[in-house]
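Structure at a glance
In case you want the letters, here they are:
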Amino acid sequence: MSLHGRNVILGVSGSIAAYKVVQVARDLTQAGARVDVLMTEGATRFITPLTFQTLTRRPVITDLWQDWSEDAQGHISLGEEAEVMLIAPASAQTIARLALGLADDMVSLTALATYTPLVIAPAMNYHMWEHPATREHIHTLESRGATILSPGRGTLASGAVGEGRLAKPVEILGAVRWRLGRGGRLAGTRIVVTAGGTREPIDPVRYLSNGSSGRMGYALAQAAIDEGADVTLISANVDLPPPWGADGVPVTTAAQMLDATSRACERADALVMAAAVSDYTPASPSGQKLKKTGGGLALDLAETADVVASITRPGLLKVGFAAETEHLRENARAKLERKGLDLIVANDANATIGAPDAALTLIRADGSVEELGRRPKEQAAEMVIAALTGLMNRKDT
Ligand SMILES: Cc1cc2nc3c(=O)[nH]c(=O)nc-3n(C[C@H](O)[C@H](O)[C@H](O)COP(=O)(O)O)c2cc1C
């Protein structure tokens, strides 16, 4: 996973939302990141350093003057080793310090002492968030390249309803991953990923569909973001949080999937077609809810257009998926040729659709075959994106 072995500084400031960041510190650490927590004096009023120290298994620094080492470079070396500095929750006060370049506490000093990219998750009362001073500071930080996680709207600690709630831990984690991915092997490329299963209406309340959860497509989108790609994620009926940083395009039917994918591919380098698109659609869906007639019901079905085969833009690298119930390799290879793909990911439909893991086989247009073995979809997705990266590099040379 992309967070493994990465160096992250977490700066915590004095907001009531500090307790929510405990989860972020835990998730980052469990994902294999080294997390060094710095706290403002205000932050220690809300939560103890011991909590972060226990979860990150690293010392927590709260005082500018504390434990100053002989080489007297503590805050600078910490910042130089870090690949990203997350400031969460960022109080209005800390945001002002960062914008003005003040350095009178460990969080602002460390941010000022290095060029480590900043990810800032503000949390405050909505008057503070809307105040022109805060707006200006946020604008300044954004213009310097900081990633700001806009606070959500909802009931604040004071009981008032407004904008100012800390972003959810999953979003904060996603933004850190996105930031860490910038400059990766796919930096500067745009990849279109499709996910989920299309729905073909029979009448206003019923549809034909399949059991695709969208998990594979979302994992592929995340793996591409981890490598620095700009990702357009076209999702059909997926009930999962999209990876942070993806441009999401929701669709319902196969026709909408074709339309959205063709448009997105006009400015893309690669298409990864992981969605399960219906092959058939009711020829004339009923405008009204169908009633029981006492007899059977015959549906007249028309074939849908093939999305990946219809997109033929020169230079676009195409990765398809073949979920088969028999003759896996033969069927996948035939599909690769028929649809003009560069790579096809073959999998056993019975064991993969809707499941948390997958046993994938990669078949390239040059005939090479790679068995990936059964593994969680997130890990399998990283291997597919690594294979795609290899093909893209080959195309460029
Ligand atoms: C109970 C309580 C809750 C607070 N919550 C917030 C908050 O959510 N956001 C914020 O910007 N300030 C909040 N403050 C005010 C900050 O703690 C205060 O401005 C402090 O100086 C922030 O300094 P720091 O950024 O160095 O931690 C709160 C203060 C109190 C007493």
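Remember, predicted model here, so these are calculated numbers, not experimental data.

Thresholds applied
Residues numbered from 1 in each chain as written. Predicted model: local features only at pLDDT ≥ 70, side-chain atom pairs only at ≥ 80, totals over all residues. Heavy atoms only, no water. Pairing = 2+ DSSP bridges. Helix = DSSP H or I, 4+ residues; strand = E, 2+ residues; numbered from the N terminus. Axes fitted to C-alpha atoms, helices over the stretch in contact; angles between N-to-C directions. Contact = heavy atoms within 4.5 Å. Buried < 20%, exposed > 50% of the residue type's maximum accessible area, 1.4 Å probe, protein only. Salt bridge = Lys/Arg side-chain N within 4 Å of Asp/Glu carboxyl O. Domains from an automatic or database assignment. Buried area = accessible area lost by both parts, 1.4 Å probe. Near = heavy atom within 4 Å. Polar contact = N/O pair within 3.5 Å; in protein donor to acceptor, adjacent residues only side chain to side chain. Nonpolar A, V, L, I, M, F, W, Y, C, P; charged D, E, K, R; others polar. 1 Å grid on protein atoms, 1.4 Å probe; cavity = no way out; pocket = protein on both sides within 12 Å on 5 of 7 lines; lining within 4 Å. Points joined across faces, edges and corners; volume = space filled by probe spheres on them.

All right, on to the sheet that holds strand S17 (residues 343-348) then. Ordered in space as S12-S11-S8-S13-S16-S17-S18-S19, the eight strands form an open sheet in which the pairing is mixed. Only two strands of the sheet have a single neighbouring strand rather than two, namely strand S12 (247-251) and strand S19 (369-376). Strand-to-strand, the axes of this sheet are offset by a mean angle of 20°, without reference to chain direction. Taken together, the four bridges between strand S8 (residues 190-196) and strand S13 (residues 270-273) define a ladder with parallel strand orientation. The partner of Val193 across the bridge, within S13, is Val272. Of the strands in this sheet, S8, strand S11 (230-236), S13, strand S16 (317-324) and strand S18 (357-364) are in contact with helix H10 (residues 215-226), which crosses S11 at around 170°.

On to the environment of Thr110, then. Mapped onto the elements of the fold, Thr110 is located in helix H6 (residues 106-113). A relative accessible area of 0% means that Thr110 is categorised as buried. Along the sequence, Thr110 and Glu80 sit 30 residues apart, while their C-alpha atoms lie 9.3 Å from each other.

As enumerated under the stated definition, the model contains 18 salt bridges in all. One salt bridge in this structure joins Glu41 and Arg45, with 2.9 Å as the shortest N-O distance. Taken together, the residues span about one helical turn, with Glu41 and Arg45 both in helix H2 (residues 41-46) at a distance of four residues. One network of salt bridges, with partners in common, ties together Arg34, Asp36, Arg58 and Glu81.

What follows concerns the domain arrangement of the protein. The domain architecture assigned to the protein consists of domain 1 (7-180) and domain 2 (186-396). One C-alpha centre belongs to domain 1, the other to domain 2, and the line joining them spans 38 Å. On the domain 2 side, the residues contacting the seven residues of domain 1 number five residues. Of the roughly 640 Å² buried at the junction of domain 1 and domain 2 (both faces included), carbon and sulfur atoms supply 61%. For the domain 1 face of the interface with domain 2, the top three residues by lost area are Gly174, Arg177 and Trp178, together amounting to 69%. Taken together, domain 1 and domain 2 are joined by one salt bridge. Where Asp226 meets Arg177, a salt bridge forms, and the shortest distance between an N and an O atom there is 2.5 Å.

Inspection of the region around the ligand gives 16 residues, with Gly14, Thr40, Ser91, Ala92 and Thr94 positioned closest. Within the backbone of Ala92, one N or O atom sits 2.7 Å away from an oxygen atom of the ligand. Between the ligand and the protein, one listed contact pairs an oxygen atom with a side-chain N or O atom of Thr94 at 2.6 Å. Considering each element in turn, the shell around the ligand owes the most residues, four residues, to helix H5 (residues 92-100). Tallied by class, the residues present in the shell around the ligand amount to seven nonpolar, eight polar and one charged.

Attention shifts here to the layout of surface pockets. Of the voids in this model, the largest pocket is the one considered here, and its volume is about 970 Å³. Along the wall of the largest pocket there are 39 residues; nearest its centre are Ala275, Ala276, Val277, Phe321 and Lys335. Only H10, helix H12 (307-310), S16 and helix H13 (328-338) provide two or more residues apiece to the lining of the largest pocket. Ranked by residue count, the leading element in the lining of the largest pocket is S16, at five residues. The class makeup of the residues in the lining of the largest pocket is 16 nonpolar, 14 polar and nine charged. Taken as a whole, the second largest pocket spans an internal volume of roughly 710 Å³. In terms of lining, the second largest pocket is formed by 24 residues, of which the most central are Val170, Arg177, Gln222, Pro241 and Pro243. Breaking the lining of the second largest pocket down by element, the ones donating at least two residues are helix H9 (169-181), H10 and helix H15 (377-396).

Here we take up the sheet that holds strand S5 (residues 147-148). With respect to topology, five strands assemble into an open sheet ordered S2-S1-S3-S4-S5, the strand pairing being parallel. Because the sheet does not close on itself, it has two edges, and the strands there are strand S2 (34-39) and S5.

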